[in-house]
Amino acid sequence: MKIAVGSKNPAKVKAVFDVYEEAEIISLQVETGVSEQPFSDEETMNGAIMRAQNCLSQSDAEIGIGLEGGVVKMNHGLFVCNWGAMATKDGEIFIAGGARIPLPEIVAERLLNGEELGPVMDDFTKKANISKKEGAIGVFTNEQITRAEMFLHIMRMLAGQHEYKKKMQK
């Protein structure tokens with residue numbers, strides 16, 4: 001089976017590989033159709049769906065995977081959010097969402113002023129490429145869960161839905 005992941009981000013690609021170790025996995029840089037910093041569950045989910053669909057249209061893969069991180073404003077502050085989508089050649093789309101934690105006010109303020117989480121986190125931690133490593137979730141959970149693990153959870157939910165649907169069609 002050939003699977004295309006709509007990202008070059010190592011944390012996202014690792015999550016897909018950890019679920020589909022036997023598959024041929026290709027990584028594509030695709031358009032999301034949403035802003036660089038998605039600011040709602042809906043926008044973040046739509047970005048994941050668009051990534052998955054664009055993987056299929058730009059490759060010969062049987063399955064396209066889109067994984068998207070964003071933020072969502074709630075009564076208790078600004079939270080990280082993350083969504084995943086799996087698109088199949090036969091037109092099915094599976095969707096799953098994952099973990100949420102609040103961002104510190106100093107980070108949230110910068111995002112609300114138009115900055116993107118990745119560069120803000122690099123500046124906040126004084127490290128490079130946080131989004132390709134532990135991610136904001138890893139920083140603020142003291143690496144109890146990393147970005148790759150967060151997306152692994154989503155990948156397992158996507159794969160499980162796909163497997164269940166195939167089982168029910170037999």
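Residues numbered from 1 in each chain as written. Predicted model: local features only at pLDDT ≥ 70, side-chain atom pairs only at ≥ 80, totals over all residues. Heavy atoms only, no water.

## Comments concerning the sheet that holds strand S4 (residues 77–88)
Reasoning step 1: Strand order in this open sheet of 5 strands is S2-S1-S3-S4-S5, and the pairing throughout is mixed. For this open sheet the edge positions go to strand S2 (24–27) and strand S5 (93–97), each flanked by a neighbour on one side alone. Taken pair by pair, the neighbouring strands of this sheet meet at an average axis angle of 25 degrees, ignoring direction.
Reasoning step 2: For strand S1 (residues 2–5) and strand S3 (residues 63–74), the ladder comprises 3 bridges, and the chain directions are parallel. Within S3, the position partnered with Val 5 by the bridge is Ile 65.
Reasoning step 3: With respect to the sheet, helix H2 (residues 41–57) is in contact with S1, S3, S4 and S5, its orientation differing from that of S3 by roughly 165 degrees. (Pairing = 2+ DSSP bridges. Helix = DSSP H or I, 4+ residues; strand = E, 2+ residues; numbered from the N terminus. Axes fitted to C-alpha atoms, helices over the stretch in contact; angles between N-to-C directions. Contact = heavy atoms within 4.5 Å.)

## With respect to the UniProt feature "domain: Non-canonical purine NTP phosphatase/PRRC1" (unreviewed entry) in the protein chain
Reasoning step 1: Mapped onto the present numbering, the UniProt feature "domain: Non-canonical purine NTP phosphatase/PRRC1" (unreviewed entry) falls on residues 6–154.
Reasoning step 2: Helix makes up 39% of residues 6–154 and strand 22%, whereas the separation of the span's terminal C-alpha atoms amounts to 15 Å. (UniProt positions renumbered as here; feature names shortened; annotations may be inferred.)

## Let's talk about the pattern of salt bridges
When the charged atoms of two side chains lie near each other, side chains of opposite charge can form a pair.
Reasoning step 1: Taken as a whole and judged by the stated rule, the model has 10 salt bridges.
Reasoning step 2: With a shortest N-O distance of 2.5 Å, Lys 2 and Asp 60 are connected by a salt bridge. With a gap of 58 residues between them, Lys 2 in strand S1 and Asp 60 in the loop between H2 and S3 connect regions that are remote in the sequence.
Reasoning step 3: Arg 100 is paired through a salt bridge with Asp 41; the nearest N and O atoms lie 2.5 Å apart. One end of the pair, Arg 100, is in the loop between S5 and helix H3 (105–112); the other, Asp 41, is in helix H2, with 59 residues separating them in the sequence.
Reasoning step 4: Among the residues examined, Arg 100 registers a relative accessible area of 33% and is labelled partly exposed. (Salt bridge = Lys/Arg side-chain N within 4 Å of Asp/Glu carboxyl O. Buried < 20%, exposed > 50% of the residue type's maximum accessible area, 1.4 Å probe, protein only.)

## As for helix H4 (residues 117–125)
Reasoning step 1: Every buried residue of H4 is listed here: Leu 117, Gly 118, Val 120, Met 121 and Thr 125. Projected down its long axis, H4 shows its buried positions confined to an angular sector of 165 degrees, all on one face.
Reasoning step 2: The elements touched by buried residues of H4 are S3, S4, H3 and helix H5 (135–140).
Reasoning step 3: The positive-phi residue at the C-terminal boundary of H4 is Lys 126, with phi of around 60 degrees. (Arc of directions from axis to C-beta.)

## Points about the pairing of S1
On a regular strand, one side chain projects to one face of the sheet and the next to the other, so that they alternate.
Reasoning step 1: Here S1 shows two buried faces, one formed by Lys 2 and Ala 4 and the other by Ile 3 and Val 5.
Reasoning step 2: As judged from the 4 bridges shared by S1 and S2, these two strands associate in the parallel manner. Counterpart to Ala 4 in the pairing with S2 is Ile 26.
Reasoning step 3: Once you follow S1 into helix H1 (residues 10–19) and on to S2, the crossover reads as right-handed. (Right-handed = clockwise from strand over helix to strand, strands pointing away.)

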